[in-house]
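Topology and contacts: notes
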Amino acid sequence: MEELAEEAGITVRTLRFYRERKLIHPPRREGRIAWYDETHLARLRTISALLERGHTLNGIAELAEAFDHGRNVGELLGLGAPTEETPVRLTPEALADVFGAQATPENLAAALDLGYLGTDGGEIVHISRRLLDVSAALVREGIPLADVLHAGRRVREHTEALAELFTRLVLTQDRTEEDLRRLRPLAKSVVEAELSLALDRGLPRRS
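Residues numbered from 1 in each chain as written. Predicted model: local features only at pLDDT ≥ 70, side-chain atom pairs only at ≥ 80, totals over all residues. Heavy atoms only, no water.

A few points about the overall build of the protein
This is how the line gets drawn: Per the convention used, a helix needs a DSSP run of H or I reaching at least four residues, while a strand needs a run of E reaching at least two, with both numbered from the N terminus. Pairs of residues are marked as contacts when any of their non-hydrogen atoms sit within 4.5 Å. Calculation of accessible area relied on Shrake-Rupley with a 1.4 Å probe; when residues are assessed, cover is drawn exclusively from the protein chains displayed.
Counting its secondary structure elements, the protein contains 10 helices and 5 strands. In the protein, 64% of the contacts between residues at least 6 apart in sequence involve partners at least 24 apart. Of the roughly 13,900 Å² that the protein leaves accessible, carbon and sulfur atoms contribute 54%.

Considerations on the packing of helix 3 (residues 38-52) against helix 6 (residues 92-99)
This is how it is decided: Angles run from 0 to 180 degrees between N-to-C directions of axes, and those axes are lines fitted to C-alpha atoms, restricted for helices to the stretch in contact. Working definition: roughly parallel below 35 degrees, roughly antiparallel above 145 degrees, roughly perpendicular at 65 to 115 degrees, and oblique for all remaining angles. Each residue receives one of three labels: charged for Asp, Glu, Lys and Arg, nonpolar for Ala, Val, Leu, Ile, Met, Phe, Trp, Tyr, Cys and Pro, and polar for the others, Gly being one of them.
Two elements in contact, helix 3 and helix 6, have axes separated by 8 Å at closest approach and are oriented at 25°. Judged on the interaxial angle alone, helix 6 and helix 3 are roughly parallel. Counted together, T46, A49 and L50 of helix 3 and P92, E93 and A96 of helix 6 form the full contact between these two elements. Taken together, the residues that form the contact of helix 3 with helix 6 break down as 4 nonpolar, 1 polar and 1 charged.

Remarks on the pattern of salt bridges
Convention followed: Definition used for salt bridges: Asp or Glu carboxyl oxygen within 4 Å of a side-chain nitrogen of Lys or Arg. Three exposure classes are used, based on accessible area relative to the maximum for each residue type with a 1.4 Å probe and protein chains only: buried under 20%, partly exposed in between, and exposed over 50%.
Across all of its chains, the model carries 9 salt bridges by this definition. For R168, the salt bridge goes to E164, with nearest N and O atoms at 3.1 Å. Taken together, the positions of R168 and E164, both in helix 9 (residues 145-170) and 4 residues apart, correspond to about one turn of that helix. Judged by its relative accessible area of 47%, E164 is partly exposed. Through salt bridges that share partners, E84, R184 and K188 make up one connected network.

Some details on helix 6
Put simply, the rule is: Regarding the arc, it is the one traced by the directions from the helix axis to the C-beta atoms.
For helix 6, the complete set of buried residues consists of P92, E93, L95, A96 and F99. The buried residues of helix 6 occupy an angular sector of 155° when the element is viewed end-on, so they sit on one face. One or two positions beyond helix 6, positive phi appears at G100, with a value near 60°.

Some words on the packing of aromatic side chains
In plain terms, the rule: Centre distance within 6.5 Å is the pairing criterion for rings of Phe, Tyr and Trp, where only the six-membered ring of Trp is used; planes under 30 degrees apart are then read as stacked, over 60 as edge-to-face, and the remainder as tilted.
Using the criterion set out here, one finds 1 aromatic pair in the structure. A centroid spacing of 6.3 Å and a plane angle of 50° characterise the contact between F17 and Y18, whose relative ring orientation is tilted. The class for F17 is partly exposed, based on a relative accessible area of 35%. With a relative accessible area of 5%, Y18 lands in the buried category.

As structure tokens, this is what we get:
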């Protein structure tokens with residue numbers, strides 16, 4: 001415990017307090033010896049960084065609990081599933097830097113539930129670099145992150161229905177899943193074109 005506290009730049013008393021608040025996992029024990037590892041040190045450094053950014057211990061505790069109970073990246077992506085999206089590995093403080101004060105426990109829980117975020121050991125993984133960049137851009141434009149996540153859930157519902165429609169269309173007449181993968185860009189082109197046209201049709205009504 002003394003060695004861990006020294007590495008993290010905190011006092012043993014503070015470390016005990018964090019343990020009591022369940023901000024860090026219990027150590028691995030061998031008899032009377034308690035062993036801490038790099039995951040404990042990473043969590044302590046994250047706590048310090050979030051405190052410096054103005055987060056409260058209560059908020060950090062809720063964030064930690066959400067991460068500890070979040071789905072792992074394998075569950076999000078599906079083992080061996082083909083994807084064109086690039087996952088992004090983040091620390092909690094890096095995520096706080098992206099979304100600022102809107103990186104709240106409530107928004108984090110919503111992102112975990114939606115499947116945007118997962119965990120991989122002690123790291124946070126965003127399922128898609130493109131989705132992360134778009135979400136951050138919308139927040140910078142003044143749109144609340146909670147609204148972005150709510151919209152993301154609606155988009156997910158519609159896109160899953162579109163994917164099912166395209167799958168049923170292709171997987172007929174003895175076509176295979178290889179055909180589905182080969183024709184996948186066509187489905188994306190149709191959706192992008194229709195969305196572009198729908199946005200064009202919607203603009204006059206909003207002006």
